[in-house]
Amino acid sequence: MAATRKAVLAAMGVLGGGAAGVAYALNESVKASELELHTSHFPWPHDGIFSSFDHASIRRGYEVYKNVCAACHSMKYIAFRNLIGVSHTEAEAKEEALGVQIPDGPDDEGHMFERPGKLSDYFPNPYVNDEAARAANNGALPPDLSYITSARHGGEDYIFSLLTGYCDPPAGVSVREGLYYNPYFVGGAIGMAQALYNEVLEYSDGTPATSSQMAKDVATFLKWASEPEHDERKKMALKSMMMFSLLFVISYYIKRHKWTVLKSRKFAFKPPQ
């Protein structure tokens, strides 16, 4: 009877597990979130354990953002001073700041005015408010790009794939007017038109401005914007590993030195005569 009971319980367990597996598979197969194409992982130069950002790519990515992306997307948490020592010198960052007009005020008469930017100013918003942004983009609100790689699954892989993934919709898929088909976007229909084309701008360092090159550079720039401490964090990790390795050797030596007498001593029992 005990063996029969065990066999019945085992069979019920197998059937229950199989039923749960089938239910899970069916549930996952009909999820709308699976309608988008998952991005591949690309070999970014900063992916290594102790690898730093390609700072030339960050500078080019800033040029792409400034000339293409800034027309619709804000980066309200990044200031011009953050560029110093990363992609620009202090003089170059000041020149970039002077090139924009920043709303300020009120003045002595209570009026708002515009002034040239300073290093302490943040990147300007292309729209006055969210309602103006929606009105200019068919009801869609362009997201702020300050932390976009941290806010999207896939990070810079997703950004690169999205910018280079525009194509015609497959047979049987229709996209309404004002939207564009991109298999990497949830649902496939995105309100942002393709922004990067070959030679849409000229890089200051002479790098050929292909669409894939620009997508790679702006993805690197946005990754840096999301994690500006990236290089310092890895440098500190390397220093910590070197320091703790030395401390481990010293600690092991002291432990052996202190315990060698205790671990090597001998107890001899001599019964009374």
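This is a predicted model, so every value here is computed, not measured. (Residues numbered from 1 in each chain as written. Predicted model: local features only at pLDDT ≥ 70, side-chain atom pairs only at ≥ 80, totals over all residues. Heavy atoms only, no water.)

## Some thoughts on the UniProt feature "binding site: heme c" (unreviewed entry) in the protein chain
Okay, so step 1: Annotation from UniProt places "binding site: heme c" (unreviewed entry) at Cys 69, Cys 72, His 73 and Met 192. Across 124 residues in sequence, these annotated residues keep their C-alpha atoms within 10.8 Å of one another, forming a single compact spot.
Okay, so step 2: You can see His 73 is positioned in the loop between helix 2 (55-67) and helix 3 (90-98).
Okay, so step 3: When its relative accessible area of 11% is taken as the criterion, His 73 is described as buried.
Okay, so step 4: Not counting chain neighbours up to four residues away, the residues in contact with His 73 comprise Tyr 65, Pro 126, Pro 142, Pro 143, Leu 145 and Met 192.
Okay, so step 5: Inspection of the secondary structure assignment puts Met 192 in the loop between strand 4 (189-190) and helix 7 (211-226).
Okay, so step 6: For Met 192, a relative accessible area of 27% puts it in the partly exposed group.
Okay, so step 7: Every residue in contact with Met 192, bar those within four places of it in the chain, is listed here: His 73, Leu 163, Tyr 166 and Tyr 180. (UniProt positions renumbered as here; feature names shortened; annotations may be inferred. Helix = DSSP H or I, 4+ residues; strand = E, 2+ residues; numbered from the N terminus. Buried < 20%, exposed > 50% of the residue type's maximum accessible area, 1.4 Å probe, protein only. Contact = heavy atoms within 4.5 Å.)

## With respect to the packing of helix 6 (residues 156-164) against helix 7
Okay, so step 1: As a packed pair, helix 6 and helix 7 sit with axes 9 Å apart at the nearest point and diverge in direction by 150 degrees. In this view, helix 6 runs roughly antiparallel relative to helix 7, as classed from their interaxial angle. Two packed elements cross with a definite hand, and for helix 6 against helix 7 that hand is right-handed. The segment helix 6 lies against helix 7, with Glu 156, Ile 159, Phe 160, Leu 163 and Thr 164 engaging Ser 211, Ser 212, Ala 215, Lys 216, Val 218, Ala 219, Leu 222 and Lys 223.
Okay, so step 2: Across the contact of helix 6 with helix 7, the residue classes tally to seven nonpolar, three polar and three charged. (Axes fitted to C-alpha atoms, helices over the stretch in contact; angles between N-to-C directions. Parallel < 35°, antiparallel > 145°, perpendicular 65-115°, else oblique. Left-handed = near helix turned anticlockwise from the far one by under 90°. Nonpolar A, V, L, I, M, F, W, Y, C, P; charged D, E, K, R; others polar.)

## Points about the environment of Ile 49
Okay, so step 1: If you trace the backbone, Ile 49 turns up in the loop between helix 1 (2-29) and helix 2.
Okay, so step 2: For Ile 49, a relative accessible area of 69% corresponds to the exposed category.
Okay, so step 3: Between the C-alpha atom of Ile 49 and that of Leu 238, which follows or precedes it by 189 residues, the distance is 9.3 Å.

## Brief notes about the UniProt feature "domain: Cytochrome c" (unreviewed entry) in the protein chain
Okay, so step 1: Feature annotation in UniProt assigns "domain: Cytochrome c" (unreviewed entry) to the following positions: residues 56-152.
Okay, so step 2: Helix makes up 33% of residues 56-152 and strand makes up 8%, while its end C-alpha atoms are separated by 24 Å.

## Here we look at the environment of Phe 221
Okay, so step 1: One can find Phe 221 in helix 7.
Okay, so step 2: Looking at Phe 221, the relative accessible area reads 0%, which means it is buried.
Okay, so step 3: The sequence separation of Phe 221 and Thr 149 amounts to 72 residues, and the corresponding C-alpha distance is 9.9 Å.
Okay, so step 4: Excluding anything up to four places from it in sequence, Phe 221 contacts Ile 58, Gly 61, Tyr 62, Tyr 65, Met 75, Leu 83 and Phe 123.

## With respect to the pattern of salt bridges
Okay, so step 1: In this structure the tally under the stated criterion is 14 salt bridges.
Okay, so step 2: For the salt bridge of Asp 54 with Lys 216, the shortest nitrogen-to-oxygen distance reads 3.6 Å. Here Asp 54, found in the loop between helix 1 and helix 2, pairs with Lys 216, found in helix 7; they are 162 residues apart in sequence, far enough to count as distant.
Okay, so step 3: Overall, the relative accessible area of 27% leaves Asp 54 in the partly exposed class.
Okay, so step 4: With a closest N to O distance of 3.7 Å, Lys 235 and Glu 232 form a salt bridge. Pair noted here: Lys 235 and Glu 232 are both in helix 8 (residues 230-264), with a separation of three residues, about one helical turn.
Okay, so step 5: Residue Lys 235 is classed as partly exposed on the basis of its relative accessible area, which comes to 42%.
Okay, so step 6: Residue class for Glu 232 comes out exposed when judged on its relative accessible area of 51%.
Okay, so step 7: What you see here is one network of salt bridges that share partners, running through Asp 54, Arg 60, Asp 205, Lys 216 and Asp 217. (Salt bridge = Lys/Arg side-chain N within 4 Å of Asp/Glu carboxyl O.)

## Some words on helix 6
Okay, so step 1: When you tally the buried positions in helix 6, you get eight out of nine residues, the bulk of the element.
Okay, so step 2: Within the sequence span of helix 6, burial applies to Glu 156, Asp 157, Tyr 158, Ile 159, Phe 160, Ser 161, Leu 162 and Leu 163.
Okay, so step 3: In this fold, the buried residues of helix 6 make contact with helix 5 (148-151), strand 4 and helix 7.

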